[in-house]
Amino acid sequence: QQCSFQDLVRLGSDALLKSLASAVLEKATLSCTSTSSSGSYANCPSDYSAVSCSCGNACGSWDIQSEKTCHCQCANQDWTSARCCKIGNK
Amino acid sequence: QQCSFQDLVRLGSDALLKSLASAVLEKATLSCTSTSSSGSYANCPSDYSAVSCSCGNACGSWDIQSEKTCHCQCANQDWTSARCCKIGNK
Amino acid sequence: QQCSFQDLVRLGSDALLKSLASAVLEKATLSCTSTSSSGSYANCPSDYSAVSCSCGNACGSWDIQSEKTCHCQCANQDWTSARCCKIGNK
């Protein structure tokens, strides 16, 4: 006799879903790493997104290009660092 | 004959949950975007959280207000940019 | 009569998984907070990751140590602020 997801859902969908979501999200983690390069650019690993950039020479002006590349905008930029994050599984 | 989530859980909860969590978290992604405005403030779209700010004039002093608004603290601030992220579904 | 996750999976795994993932990820949220301290260091609460740092005196040069500690690199650093995020459940 088959039982379908709908059977489970009918059993009190919201309660089931809430408990399932909590159980799954308990295992979710925000996994971050930093990369640095000399010059004005630093790249995140492919499966990460850039969430912020740090720049040498106290420079606070930066932008993020194509979601993964930090660009520090000050002249004669000595180094650039990217902070990169993704959703991980504990 | 009904089958309950508890039936499934009793079937080897941890193994089931782990495989379910992996399958679901495989679909999760950290979705980010950037917004910029002239002046000292920049806002994230409503369903995003501000994770960092970038400021013109090399200014590295900023704060985040009400989780979505970047505020650059330097005088005569020419522009402010907010980096905004949320949990997305691939 | 037992029904297994495999029964459910056989019922059209991808469709089931997609709907389950969407339902679960709907409940996921990126939960962020900021902490500040005088001096050159600021720490995130234990279950958070540092995603960016802000520094006094317009300093834009910082690094993140052991995933949770912001370090502002400029001399005579008056304050340091950490932006900290984790995966939350709505």
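Here, every reference points to the structure presented above.
Now for a quick tour of the structure. (Residues numbered from 1 in each chain as written. Chains lettered and ligands numbered in written order. Predicted model: local features only at pLDDT ≥ 70, side-chain atom pairs only at ≥ 80, totals over all residues. Heavy atoms only, no water.)

Contacts between the two partners involve 32 residues from chain B, matched on the other side by 31 residues from chain A. Between chain B and chain A, a total of about 2300 Å² is buried, with carbon and sulfur atoms accounting for 66% of that surface. Here arginine 83 of chain B ties to glutamate 67 of chain A by a salt bridge, and the two come within 2.7 Å at their closest N and O atoms. Mapped onto the side of chain B that touches chain A, the elements with two or more residues apiece are helix 1 (5-10), helix 2 (13-26), strand 1 (28-38), strand 3 (49-55) and strand 6 (79-89) of chain B. Residue composition of the side of chain B that touches chain A, grouped by class: 19 nonpolar, 10 polar and 3 charged. (Contact = heavy atoms within 4.5 Å. Buried area = accessible area lost by both parts, 1.4 Å probe. Salt bridge = Lys/Arg side-chain N within 4 Å of Asp/Glu carboxyl O. Helix = DSSP H or I, 4+ residues; strand = E, 2+ residues; numbered from the N terminus. Nonpolar A, V, L, I, M, F, W, Y, C, P; charged D, E, K, R; others polar.)

Residues and elements named next belong to chain A. Pairing is antiparallel in the open sheet, where 3 strands are placed in the order 1-6-3. Single-partner strands in this sheet number two, and they are strand 1 (28-38) and strand 3 (49-55). Going across the sheet, the axis of each strand differs from the next one's by a mean of 25°, ignoring polarity. In terms of strand pairing, strand 1 meets strand 6 (residues 79-89) through 11 bridges, oriented antiparallel. Of the residues in strand 6, the one forming a bridge with serine 36 is serine 81. (Pairing = 2+ DSSP bridges. Axes fitted to C-alpha atoms, helices over the stretch in contact; angles between N-to-C directions.)

Next up on the list: the interface of chain A and chain C. The extent of an interface is frequently quoted as the accessible surface area lost upon association of the parts. With 32 residues of chain A at the contact, the number on the chain C side is 31 residues. Of the roughly 2300 Å² buried between chain A and chain C, counting both surfaces, carbon and sulfur atoms make up 65%. Here chain A and chain C share 1 salt bridge between them. For the pair chain A and chain C, the number of links is 11 residue pairs in polar contact (both at pLDDT 80 or more). Elements with a minimum of two residues in the side of chain A that touches chain C: helix 1 (5-10), helix 2 (13-26), strand 1, strand 3 and strand 6 of chain A. (Polar contact = N/O pair within 3.5 Å; in protein donor to acceptor, adjacent residues only side chain to side chain.)

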